2 protein chains.
Amino acid sequence: LTKIDSLVKGILERDDLSISKAITIVENDFPESNDLLIQLYPHTGKAAIIGITGPAGSGKSTLVGQLIREYRKMKKTVGVVAVDPTSPFTGGAFLGDRIRMQDYVTGNGVFIRSMATRGNLGGLAKTTKDVVRILDASGKDIVIVETVGVGQAEVGIISVAHTTVLLFAPGLGDEIQALKAGLSEIGDVFVVNKADRENAEKTVNDINSILNTGDIDGTWRPPIIKTIAITGEGTEELINLIDQHREYLKTGVFERRLRKSIETELIEEIKQKFTLHLTNNLKREVDFKSLVNQILKKEIDPYTAAELILRKITIG
Amino acid sequence: LTKIDSLVKGILERDDLSISKAITIVENDFPESNDLLIQLYPHTGKAAIIGITGPAGSGKSTLVGQLIREYRKMKKTVGVVAVDPTSPFTGGAFLGDRIRMQDYVTGNGVFIRSMATRGNLGGLAKTTKDVVRILDASGKDIVIVETVGVGQAEVGIISVAHTTVLLFAPGLGDEIQALKAGLSEIGDVFVVNKADRENAEKTVNDINSILNTGDIDGTWRPPIIKTIAITGEGTEELINLIDQHREYLKTGVFERRLRKSIETELIEEIKQKFTLHLTNNLKREVDFKSLVNQILKKEIDPYTAAELILRKITIG
């Protein structure tokens, strides 16, 4: 048994340490990452993948905590990937919310991993997808992906989910307005958390009126519910709605989405593998330095030089 | 004379309409974009490129307006590229600040272009670089690139600048803290704007203490000045500091930075050209659809499939 073989064996036997080691390999893009993912792929596709996203302060981590509690009551195993935004300068993740969630890292059918992500956001979507596959292969019934924010990068990360829960809280109205008609493109279920606060009803109405102007994908009209995550109120109803959405997906929507997601992934994988080949070629290829010199002297332009190098690259 | 030949002629003759048409071609990535940039490249490299960035509310656009006024007094021609963040859903740029700056679009030695950017942020850095080249080739003495924010994407965009001015305002202390030691990596000159407000001195001290802990590139210790952009106070001093930084660059720093910037650009150009070839290949290549089907059926994994396609791609 190679190191990867025994790691795969450990993951399939639901060993937390093996899962943790595998995630580290994928997160750091170690050379054995590709082999590991190739071996795990046939064992994936069983978990229900739930995305939770929303602006800072909407109470995502508290809600995730309640979902874990509820799913555990139902004897379901749960994996959580929490994706943190990272300062491009210090490389450190913003903690805070994370610490609260650590309470639930019991190992008792629950596996939580906070991804402190260096590097670019493009790669983050791929890494998240691959980490979700590890948790899926490890037999988790439910995999939750939590991201902060509702920008372009977060939408890319959350696209791995089958059902996306978009979370808001009263008083964060600007965030809703900024999304406009795009709301229905990313959210399958809407939650107004901290519903005991003033203006909760107004927030529900704000989301409602925006949803009415947006395109609906298929026949699913995203429902809006109110929760108080800190007390657990509304968690059961949320799980019911997630289940209903999962039933809806079975009407052919799921396969269509999965096909689209595989197409996107394949193209991204090809680009990433090309970049690796490019880097290897540039290390061997002395032409690169000489071309940079020619560009600096204005003997050639960068656009023509790029085409020249591209034609010379050997793959494989 | 082809259409592109006459456009290049117009740009070199400083014709605003030709500049505007060329920017539209580059922004939309029209097929003639590559030829246009190839022809313009030998005419670039004369302008002083100044980046202005900082959090929302720091008064960037007002300061840019004052810089334009001051440079015009000195009989210098000025080009401005204002890069807006764009909602990934609506495709519309956040205006507001832009409108205030429009006052200066006189055509009298000044050319201002607001880039309302659809598409991904990776491409935005390339487009900005290419638009700056058009303004540079058109004989502008000064080209200002203004971006909102100080995140990873903005740093990518602003990297085209020779001198980067990092703007803050009293009361935006959190923004400074979030940057931490990375401050000195992006800012060549620091400005505390709205210096008539309470706590301006505290903001200066905050920046100072962070700069003291960061790495300094070479012998340049980024200076910090206070401005009141709304009245123009401090603008002359800022221009002096920008000039001093430009003198410092001449001590070999400039060529080193330019070389690094060309290397990065070349690699990005190669990747972009590869993506174009990939798209063209996938349109012809029936294998793609069949591979996606095999992945869905778990007969093959996406990682192996990507490698298979990459080996089959023909370039040129």
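A few points on the structure. On a predicted model such as this, the values are computed, not experimentally measured, just so you know.

1. Observations regarding the overall build of chain A
A count of helical and extended segments in chain A gives 14 helices and seven strands. Out of the 316 residues in chain A, the part that is buried amounts to 51%. At a minimum sequence separation of 6, the contacts of chain A that also span at least 24 residues come to 75%. A total of about 14200 Å² of accessible surface is found on chain A, and carbon and sulfur atoms cover 52% of it.

2. Details of the sheet that holds strand 3 (residues 110–115) of chain B
Residue and element names in this part refer to chain B. Spatially, the seven strands line up as an open sheet ordered 3-2-4-1-5-6-7, and their pairing is parallel. Every other strand in the sheet has two partners, leaving strand 3 and strand 7 (224–226) as the edge strands with one partner each. Going from strand to strand, the sheet's axes swing by 20° on average, the running direction of each strand aside. Judged from the six bridges that link them, strand 2 (residues 78–83) and strand 4 (residues 142–148) form a sheet pairing that is parallel. Bridging across to strand 4, Val81 finds its partner in Val145. Packing against the sheet, helix 11 (residues 235–249) makes contact with strand 1 (48–54), strand 5 (163–168), strand 6 (189–192) and strand 7, and its axis sits at approximately 145° to strand 5.

3. Some details on the sheet that holds strand 6 (residues 189–192) of chain A
Residues and elements named next belong to chain A. Pairing in this open sheet of seven strands is parallel, and the strands run 3-2-4-1-5-6-7 from one edge to the other. Every other strand in the sheet has two partners, leaving strand 3 (110–115) and strand 7 (224–226) as the edge strands with one partner each. Averaged over all neighbouring strand pairs, the angle between strand axes comes to 20°, with direction disregarded. Of the strands in this sheet, strand 5 (163–168), strand 6 and strand 7 are in contact with helix 10 (residues 200–213), which crosses strand 7 at around 170°.

4. Regarding the packing of aromatic side chains
Under the definition given, this model contains three aromatic pairs over all chains. When the centroid spacing of 3.6 Å and the interplanar angle of 0° are considered together, the rings of Phe274 of chain A and Phe274 of chain B count as stacked. Placement of Phe274 of chain A in helix 12 (residues 253–284) and of Phe274 of chain B in helix 12 (residues 253–284) is noted, with the two residues assigned to different chains. Each member of the pair, Phe274 of chain A as well as Phe274 of chain B, is classed as buried. The cationic tip of Lys298 of chain A hangs over the ring face of Tyr41 of chain B; the distance from NZ or CZ to the ring centre is 5.1 Å. The positively charged end of Arg246 of chain B is found above the aromatic ring belonging to Phe254 of chain B, 5.9 Å away from the centroid.

5. A closer look at helix 13 (residues 287–296) of chain B
Restricting attention to buried positions, one finds in helix 13 of chain B the residues Phe288, Leu291, Val292 and Ile295 of chain B. Along helix 13 of chain B, the residues classed as buried sweep out an arc of 105° about the axis, all on the same side. Against helix 12 of chain A together with helix 12 and helix 14 (302–312) of chain B lie the buried residues of helix 13 of chain B. Downstream of helix 13 of chain B by one or two residues, Lys298 of chain B has phi in the positive range, about 65°.

6. Topic: the pattern of salt bridges
Under the defined criterion, the tally for this structure stands at 34 salt bridges over all chains. The salt bridge involving Asp287 of chain A is made with Lys312 of chain A; its shortest N-O contact spans 2.3 Å. Taken together, the residues span a long stretch of sequence, with Asp287 of chain A in helix 13 (residues 287–296) and Lys312 of chain A in helix 14 (residues 302–312) at a distance of 25 residues. Under the relative-accessibility criterion, Asp287 of chain A is labelled partly exposed at 26%. A salt bridge links Lys250 of chain B to Glu247 of chain B; its shortest N-O distance comes to 3.1 Å. Assessed through its relative accessible area of 61%, Lys250 of chain B is described here as exposed.

7. A word on the packing of helix 13 of chain B against helix 14 of chain B
All names here are of chain B. It is at 10 Å that the axes of helix 13 and helix 14 come closest, and there the two elements cross at 165°. When the interaxial angle is binned, helix 13 and helix 14 end up roughly antiparallel. Judged by the twist between their axes, the crossing of helix 13 over helix 14 is right-handed. On helix 14, the residues that touch Asp287, Phe288, Leu291 and Ile295 of helix 13 are Pro302, Ala305, Leu308, Ile309 and Lys312.

8. What to know about helix 3 (residues 33–40) of chain B
The set of residues buried in helix 3 of chain B consists of Ser33, Leu36, Leu37 and Leu40 of chain B. End-on, the buried residues of helix 3 of chain B take up no more than an arc of 95°, which puts them together on one face.

9. A few points about unusual backbone geometry
Residues and elements named next belong to chain B. Phi is positive for Lys75, which is not a glycine, with a value near 65°. Examined against the element boundaries, Lys75 turns out to sit in the loop between helix 4 (60–73) and strand 2. A positive phi angle, near 65°, is found at Lys298, a position not held by glycine. Looking at the element boundaries, Lys298 is found in the loop between helix 13 and helix 14. Taking the relative accessible area as the measure of exposure, Lys298 reaches 30% and is therefore partly exposed.

Rules used in this analysis
- Sequence order as written defines residue numbering, which begins from 1 separately in each chain.
- Written order determines the labels here, with chains lettered from A and ligands numbered from 1.
- pLDDT decides what is reported in this predicted model: residues at 70 or higher carry local features, side-chain atom pairs at 80 or more are listed and counted, and totals for whole chains, interfaces and linings draw on all residues regardless.
- Excluded from the side-chain calculation are hydrogens and water; included are all heavy atoms of the structure.
- In this text, helices come from DSSP runs of H or I with a minimum length of four residues, and strands from runs of E with a minimum of two, each type numbered from the N-terminal end.
- Note on exposure labels: buried denotes an accessible area under 20% of the residue type's maximum, exposed denotes more than 50%, and partly exposed covers the range between, all computed with a 1.4 Å probe on protein chains only.
- We call two residues in contact whenever any of their non-hydrogen atoms come within 4.5 Å of each other.
- All accessible-area figures derive from a Shrake-Rupley calculation using a 1.4 Å probe, and residue coverage is judged against the displayed protein chains alone.
- Pairs of strands are assigned from DSSP output, requiring at least two bridges between the strands.
- Only the contacting stretch of a helix is used when fitting its axis, a line to C-alpha atoms as for every element, and angles between N-to-C directions run 0 to 180 degrees.
- A pair of Phe, Tyr and Trp rings is counted when the ring centres sit within 6.5 Å of each other, with Trp represented by its six-membered ring. The angle between the planes then sorts it: under 30 degrees is stacked, over 60 is edge-to-face, the rest tilted.
- A ring has a charge above it when a Lys NZ or an Arg CZ is no more than 6 Å from the ring centre and no more than 35 degrees off the ring normal.
- The directions from the helix axis to the C-beta atoms are what the arc is built from.
- Every case where a carboxyl oxygen of Asp or Glu lies within 4 Å of a side-chain nitrogen of Lys or Arg is listed as a salt bridge.
- Any angle that falls under 35 degrees is termed roughly parallel, while one over 145 is termed roughly antiparallel, one within 65 to 115 roughly perpendicular, and all others oblique.
- Should the near helix be turned counterclockwise from the far one by less than a right angle, the crossing is left-handed, whereas a clockwise turn marks it as right-handed.

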